[in-house]
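Analysis of the macromolecular model
Single-letter residue listing:
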Amino acid sequence: MTTTVSAYAANSATEPLTRTTIERRAVGPHDVAFDIKFAGICHSDIHTVKAEWGRPNYPVVPGHEIAGVVTEVGSEVTRYKVGDRVGVGCFVDSCRECDNCRAGLQQYCTGSGMVGTYDATDRDGTPTYGGYSTAIVVDENYVLRIPDSIPLDKAAPLLCAGITLYSPLRHWNAGPGKQVAVIGLGGLGHMGVKLAHAMGARVTVLSQSLKKMEDGLQLGADEYYATSDPDTFRKLAGRFDLILNTVSANLDMGAFLSLLETDGTLVELGAPEKPLVVPFFPLGIGRRSLSGSMIGGIPETQEMLDFCAEHGVTPEIEVIDASYVNEAYERVLASDVRYRFVIDAATI
Ligand code: NAP
Ligand code: ZN
Ligand code: ZN
């Protein structure tokens, strides 16, 4: 039997999110059911709801930074038991058979593709609904274990913002002796600063202004510059091995590519509505690379959670009641987030 649970949903691109109810499937043999305790607000939720990536299937129940406590497990479940602290990130299934799925890169599934935690179609043909709700049912293979030392409210943003920065930092070998820049000090960006610092890299924040400089340095940045100051681009030309762009809007890509060393890489993590414009010369000169990266697979997400527990890395959060979600969206859009809003699911 399905279960009816409370949720916050968007019914169109222009209306505020409102409280509603949704159905969660009956717990199958391989499923884990859990009570959601906290759900982070990712800028991707806003892009989706506002139809900036194409028209979603309304109603959309956003939320792919989900943390909670297991309430029921299916008969075949081996990894989790009732009472366990668990999380779910951006996807709840994938084909499980393609080379990427077998390699633990489920986010790059080349079979049927990853099944998004919301605004996707599940294996059983029903729409998926995300974390702005009070409970969820997910196959155990797509559930993460939250280490005991990480509180659930702080664990939630790790499931998207955390892994989205951890994965490229690892892939491009951030560590001692590496110069890493993070563009944009929002939800993703502040996790990039903390993680790159914990990995031993030298970290520079490139923010629109110096407003958040004190925070940035406290989060672990070694240097902090305003991109509104043209001097920044003169001073930092050719400096970085790795630049992680977390900005949700379109930037002057040429200006930022010029900050890379020879053979350096700029990884695009932000997913703006409009295509990136990339001029040739700042890319060709210095054989620089422009790449992209999307979240991380299940094994790497678990590795990230364990790394965060070991190094004491957790996000800076502002816990809010669900009724504040529309104002929180406005504040994210105004770059007025310090540094992730997290919904207390008890208020949904
Ligand atoms: P966020 O909290 O809103 O942070 C974005 C930051 O970008 C802002 O805090 C601001 O930082 C900067 N910014 C915003 N508008 C800007 C503009 N017009 N010009 C220059 N800088 C601007 O958003 P988020 O949740 O971190 O997500 C960021 C982007 O990553 C979104 O597009 C989201 O969809 C995408 N995303 C991608 C992945 C992936 O797997 N690749 C995963 C999650 C999210 P300052 O105030 O410091 O300048
Ligand atoms: Zn996200
Ligand atoms: Zn696959």
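Each remark here, short or long, concerns the structure printed above.
Described below are features of the structure shown in this document.

1. Overview of the layout of surface pockets
One number sums up the size of the second largest pocket: a volume of about 350 Å³. Forming the walls of the second largest pocket are 19 residues, and the residues nearest its centre are Arg25, Asp122, Thr126, Pro127 and Val137. Elements with a minimum of two residues in the lining of the second largest pocket: strand S2 (18–24), strand S6 (91–93) and strand S8 (135–139). For the lining of the second largest pocket, the element with the most residues is S8, which contributes four residues. In terms of residue class, the lining of the second largest pocket is made up of six nonpolar, four polar and nine charged.

2. Focus: unusual backbone geometry
For the bond running from Tyr58 to Pro59, omega is -5°, close enough to zero to count as cis. Relative to the assigned elements, Pro59 resides in the loop between helix H1 (43–49) and strand S4 (66–73). Note the cis peptide between Arg338 and Tyr339, where omega equals -10°. Of note in the backbone geometry, Arg287 takes a positive phi value of approximately 45° without being a glycine. With relative accessibility at 60%, the residue Arg287 sits in the exposed group. Its identity is not glycine, yet Ile295 carries a phi of approximately 35°, on the positive side. The class of Ile295 is buried, set by a relative accessible area of 7%.

3. Some words on the nonpolar core
Counting 93 residues, the largest nonpolar core has Phe34, Ile41, Tyr132, Leu169 and Leu195 as its most contacted members. Counting 15 residues, the second largest nonpolar core, distinct from the first, contains Leu236, Val247, Phe256 and Leu266.

4. As for the pattern of salt bridges
Tallied over the entire structure, the rule returns 17 salt bridges. The closest approach of N and O atoms between Lys81 and Asp84, which form a salt bridge, is 3.0 Å. Where Asp336 meets Arg331, a salt bridge forms, and the shortest distance between an N and an O atom there is 3.1 Å. Because the salt bridges share partners, they merge into one network encompassing Asp93, Arg96, Arg123 and Asp139.

5. Considering the side chain of Thr246
Inspection of the secondary structure assignment puts Thr246 in the loop between strand S13 (240–245) and helix H8 (253–257). Take Thr246: its relative accessible area is 13%, and that puts it in the buried class. Polar side-chain contacts of Thr246 include one of 2.7 Å to the backbone oxygen of Ile183. Engagement of the side chain of Thr246 in a polar contact is seen with the backbone oxygen of Gly184, the distance being 3.1 Å. Setting aside chain neighbours within four positions, we find Thr246 in contact with Leu165, Val182, Ile183, Gly184, Leu188, Gly189, Leu269 and Gly270.

6. Some points on the site of ligand 1
For ligand 1, the set of nearby residues contains 30 residues, the closest of which are His43, Leu185, Ser207, Lys212 and Arg340. Here an oxygen atom of ligand 1 sits 2.8 Å away from a polar atom, N or O, in the side chain of His47. A distance of 2.9 Å separates an oxygen atom of ligand 1 from a polar backbone atom of Gly187. In isolation ligand 1 offers 920 Å² of accessible surface; the protein chains occlude 89% of this area. A total of three residues in the shell around ligand 1 trace back to one element, the largest contributor, which is H1. Grouping the constituent residues of the shell around ligand 1 by class yields 14 nonpolar, 14 polar and two charged.

What counts as what
Residues numbered from 1 in each chain as written. Chains lettered and ligands numbered in written order. Predicted model: local features only at pLDDT ≥ 70, side-chain atom pairs only at ≥ 80, totals over all residues. Heavy atoms only, no water. 1 Å grid on protein atoms, 1.4 Å probe; cavity = no way out; pocket = protein on both sides within 12 Å on 5 of 7 lines; lining within 4 Å. Points joined across faces, edges and corners; volume = space filled by probe spheres on them. Helix = DSSP H or I, 4+ residues; strand = E, 2+ residues; numbered from the N terminus. Nonpolar A, V, L, I, M, F, W, Y, C, P; charged D, E, K, R; others polar. Buried < 20%, exposed > 50% of the residue type's maximum accessible area, 1.4 Å probe, protein only. Core = buried A, V, L, I, M, F, W, Y, C linked by side-chain atoms within 4.5 Å. Salt bridge = Lys/Arg side-chain N within 4 Å of Asp/Glu carboxyl O. Polar contact = N/O pair within 3.5 Å; in protein donor to acceptor, adjacent residues only side chain to side chain. Contact = heavy atoms within 4.5 Å. Near = heavy atom within 4 Å. Areas by Shrake-Rupley, 256 points an atom, 1.4 Å probe, with all protein chains shown as cover.

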